[in-house]
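Here are the chains, one letter per residue:
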Amino acid sequence: MATIVGSVMTSHVPAIGRAIAKHLEADPYWKPFFDGYPPVRAWLDRVKPDVAVVFYQDHGLNFFLDKMPTFAVGAAAEYRNADEGWGIPTVEPVRGDPGLSWHIIESLVADEFDITSCQEMKVDHALTLPMALLWPGGGDWPVRVVPITMNHVQHPLPSPRRSYALGASVGRAIGSWDENARVVVLGTGGLSHQLDGKRAGFINKPFDLMCMEALVDEPEKLARYSALDLVREAGAQGTELMAWIAARAALTGRVSKVHANYHVPISNTATGLLALQNDGPALARAA
Ligand code: DHB
Ligand code: FE
């Protein structure tokens, strides 16, 4: 059976792509952000995932306002990166895992999630930048990927409760996959940010830190917010927190915090990083 080794939740601000391309990791503006990643990379080196299941928002690359699935699961053998308008360098394609994708799709539908399955899919900065931060160097990615997009673009958005249920269902699907694979679950986006409108630049540090705490031991607490509560507390784009909620919900049983980092601001965004190890029975069984 497959094993979930843990979750990594991280921001995905497009400017990170430019900073990586220009080798600005030690620059005073960027250092407090990039310094968060080496301990998480060291943990990934230890737990050695084969596959990353990634919850994130597609920012208009596959789905625009005319066609917007609430949740979509990629089922391709390969996902190409394209620039959806930020002008950041594209990265090498990532390999898919169609076997796990279809198992997750079948499990989700059996669980009564009306998802969209995508045998062709491009991936945007919300998938590629976390990949580049966790497995730097690009090119030959050490993990296969299953992308799961969530609509955080166009209202009505799914609720945090529904996002939690989605993550829990995906976690059960991974746990019942009949392959001896090690899986890490990523959630990308957030934390608080608003890119336009009257509250452009809005950041809510106390709320972000409360969420990062709650995600460790009491993630159900965050499922009590509505999507509009998140808009109010975290900004219009802070709703990407729902990808973190889904990634956390995929872990059952005990978890331990591997590492956390919070830095304000990068671009318009409060950036966060949280890595959690799954200490539940699943991991013990695989060890
Ligand atoms: C920014 C943050 C995002 O999450 C995103 O998708 C695009 C831009 C920003 O802060 O610049
Ligand atoms: Fe985003």
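Data block above holds the structure.
Residues numbered from 1 in each chain as written. Chains lettered and ligands numbered in written order. Predicted model: local features only at pLDDT ≥ 70, side-chain atom pairs only at ≥ 80, totals over all residues. Heavy atoms only, no water.

Undergrad: Could you clarify how one ought to interpret the side chain of Asn278 in this entry?
TA: Summarising the element assignment, Asn278 is placed in strand E11 (residues 269-278). With relative accessibility at 3%, the residue Asn278 sits in the buried group. Polar side-chain contacts of Asn278 include one of 2.9 Å to the backbone oxygen of Ile4. (Helix = DSSP H or I, 4+ residues; strand = E, 2+ residues; numbered from the N terminus. Buried < 20%, exposed > 50% of the residue type's maximum accessible area, 1.4 Å probe, protein only. Polar contact = N/O pair within 3.5 Å; in protein donor to acceptor, adjacent residues only side chain to side chain.)

Undergrad: Just checking my understanding: could you explain the site of ligand 1 for this structure?
TA: Near ligand 1 you find His12, Val13, Pro14, His59, Trp86, His125, His193, Leu195, Glu240, Ser267, Asn268 and Thr269, and these make up its full shell. A distance of 3.2 Å separates an oxygen atom of ligand 1 from a polar side-chain atom of Glu240. Between an oxygen atom of ligand 1 and a side-chain N or O atom of Ser267, the distance comes to 2.6 Å. For ligand 1, whose unbound accessible area comes to 290 Å², protein coverage reaches 96%. (Near = heavy atom within 4 Å. Areas by Shrake-Rupley, 256 points an atom, 1.4 Å probe, with all protein chains shown as cover.)

Undergrad: Mind showing me how you'd approach the packing of aromatic side chains here?
TA: The way to describe two aromatic rings as a pair is by their centre distance and the angle between their planes. In this structure the tally under the stated criterion is seven aromatic pairs. Look at Trp30 and Phe33: their rings are 6.0 Å apart centre to centre, the planes differ by 75°, and that puts the pair in the edge-to-face class. For the pair Trp30 and Phe33, a shared accessibility class is recorded, and that class is buried. Plain terms: the ring middles of Trp30 and Phe34 are 5.6 Å apart, the flat faces sit at 50° to each other, and that makes the pair tilted. You can call Trp30 buried: its relative accessible area is 6%. Using a relative accessible area of 6% as the deciding quantity, one classes Phe34 as buried. Through successive ring pairs, a cluster of aromatic residues spans Tyr29, Trp30, Phe33, Phe34 and Tyr37. Looking at Arg199, its charged tip hangs above the ring of Phe202, at a distance of 4.2 Å from the centre. (Phe/Tyr/Trp six-rings, centres within 6.5 Å; stacked < 30°, edge-to-face > 60°. Lys NZ or Arg CZ within 6 Å of the ring centre and 35° of its normal.)

Undergrad: Please explain the coordination of the iron ion (ligand 2) as it appears in this structure.
TA: Ideal geometry at a metal centre: 109.5 degrees between donors when four sit tetrahedrally, and 90 or 180 degrees when six sit octahedrally. The iron ion (ligand 2) binds to the protein through His12 (NE2), His59 (NE2) and Glu240 (OE), with metal-donor distances spanning 2.0 to 2.3 Å. Between the donor residues of the iron ion (ligand 2), the gaps in sequence give the motif H-x46-H-x180-E. Of the two residues, His12 is situated in the loop between strand E1 (3-10) and helix H1 (15-21) and Glu240 in the loop between helix H8 (227-234) and helix H9 (241-249); the sequence distance between them amounts to 228 residues. The class for Glu240 is buried, based on a relative accessible area of 2%. (Donors = N, O, S within 2.8 Å, 3.2 Å for Na, K, Ca; no water.)

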